[in-house]
Amino acid sequence: MNTKIIACTILLATLAASTTRAQDKSKNVEIVIDGVAGFQDTPMQPDGKWHVHDPARPQPPVVTPGTFSTQATQPSDAIVLFDGKSLSNWRDKKTGGPAPWTIDNGAMVAAKGDIQTTNELGDMQLHVEFCEPEPGQHAGQDRGNSGVFLMGQYEIQVLDCYNNKTYADGATAGIYGQHPPLANACRPPGEWQTYDIIFNVPHFNDKGEVTTPGYVTVVYNGVVVQNHQAIRGATNWKSPGKYSPHGPTGPLSLQFHNHPVRFRNIWVRPVPVVNEP
C-alpha cells in the first residue's frame, strides 16, 4: 500500500512539474533593446528575419508631415460613419448593444470597449481622423493605444509614437504584428491626424484556402506608410497572422485599449477592384 502511495505521489509531482514547465514556456519574456521593449521568444516572421514584436527590428524613419486631408469634406458618394453628432452607425462589438463611447465637441472618445459599424464593408477607401490624449504619458504600447480593424480583424495600429519608441511592427500605422510603417509621420499628442486607407479584401476558394491575400495602402498625415502591402492574416498580439476564411464584407471596428483616443470625420467609399491592364 505504501509503495502504491509513493508511486502515485511521484507521478503527480512529475505531472505538476511538466505542467509548470509548459506554463513557463508559454510566457514570453519581455526584454529591452536600445530603449525598446519587446520579445525575442515569440514566433518568427515568415521572412525569418525578426520575431513578432522584436525590439531589435529597425525603427521607422521619422518624417515631419505636411498638411493633408485633415477635416476633409467627404465625397458626394461617401458613406458617413461618424458625423460628429451620433453613434447610430456603431455598436458595442462584444454585446451588439449601443456603442459605449461618448461624444465630446464633435469627436467620439474611446471608452469601456471596442465598437464596430452596423455597415458591412468590403473593398474600400476609408478616411479616419484621430487625436491622441494630451499630454503624452507612459511609454511604448501604453501610450494612446487604439486601432482601426478592417473587417473587424485586420488592424492598422493607432498609437502615440511621437518621441515614443516601441517595437516596429506595433508602431503607428503598422499592420499590427506584421508590417511596420515605412515612416513615423506622427504629429504631437493633442493634434488631429489622418489615415486615408485603401483596402482590398482577401479571397478564399471553396476549400477555405487563400487565393488572394488582403492588401492595404495607408497614407498617414499625407505620407505613404503602407504601399499595397499584403496582409498575412488576422492580426493578434505575439502572432505573425493567420487567415480564417470569411465572406467578402465585414464591419469596421475601432479599439478601446485603456486610452481615451478621440476620433472624428470617419467616412468610407466602396471601391471595386478593376484588374484590367
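Notes on the structure follow.

Conventions used here
Residues numbered from 1 in each chain as written. Predicted model: local features only at pLDDT ≥ 70, side-chain atom pairs only at ≥ 80, totals over all residues. Heavy atoms only, no water. Helix = DSSP H or I, 4+ residues; strand = E, 2+ residues; numbered from the N terminus. Buried < 20%, exposed > 50% of the residue type's maximum accessible area, 1.4 Å probe, protein only. Contact = heavy atoms within 4.5 Å. Areas by Shrake-Rupley, 256 points an atom, 1.4 Å probe, with all protein chains shown as cover. Pairing = 2+ DSSP bridges.

Here we look at the overall build of the protein
Here is step 1 of the chain: Secondary structure summary: the protein contains one helix and 19 strands in total.
Here is step 2 of the chain: Sorting the 277 residues of the protein into buried and exposed places 45% on the buried side.
Here is step 3 of the chain: A sequence separation of at least 24 residues applies to 66% of the contacts in the protein between residues at least 6 apart.
Here is step 4 of the chain: In the form shown here, the protein has an accessible surface area of approximately 14,000 Å², with 54% of it arising from carbon and sulfur atoms.

Some points on the pairing of strand β11 (residues 192–200)
Within a regular strand, side chains alternate between the sheet's two faces.
Here is step 1 of the chain: Among the nine residues of β11, seven are classified as buried, and the element is accordingly described as predominantly covered.
Here is step 2 of the chain: Two strands pair when backbone bridges link them, and strand β8 (residues 124–131) and β11 are joined in this way by eight bridges, in the antiparallel orientation. In the sheet register, Phe130 faces β11, and the bridge partner there is Gln193.
Here is step 3 of the chain: Where β11 lies against strand β14 (residues 215–220), six bridges are found, and the strand directions are antiparallel. By the bridge assignment for β14, Asn200 is matched with Tyr215.

What about the pairing of strand β19 (residues 262–270)?
Here is step 1 of the chain: Of the strand pairs in this sheet, strand β3 (residues 79–82) and β19 are connected by three bridges, and their pairing is antiparallel. Directly across from Phe82, in β19, lies its bridge partner Ile266.
Here is step 2 of the chain: Relative to β19, β8 is paired through seven bridges, and the arrangement is antiparallel. Counterpart to Gln125 in the pairing with β19 is Arg269.

Structural notes on unusual backbone geometry
Peptide bonds are, in most cases, trans, and in most cases residues other than glycine have a negative phi.
Here is step 1 of the chain: Note the cis peptide between Glu134 and Pro135, where omega equals 0°.
Here is step 2 of the chain: Within the secondary structure, Pro135 is located in the loop between β8 and β9 (146–150).
Here is step 3 of the chain: With a phi angle near 60°, Gln71 is a residue other than glycine that sits in the positive phi range.
Here is step 4 of the chain: Summarising the element assignment, Gln71 is placed in the loop between β2 (36–39) and β3.
Here is step 5 of the chain: On the basis of relative accessible area, Gln71 is assigned to the exposed category, the value being 56%.
Here is step 6 of the chain: Residue Asn163 is not a glycine yet carries a positive backbone phi of 55°.
Here is step 7 of the chain: Along the chain, Asn163 falls in the loop between β10 (154–158) and β11.

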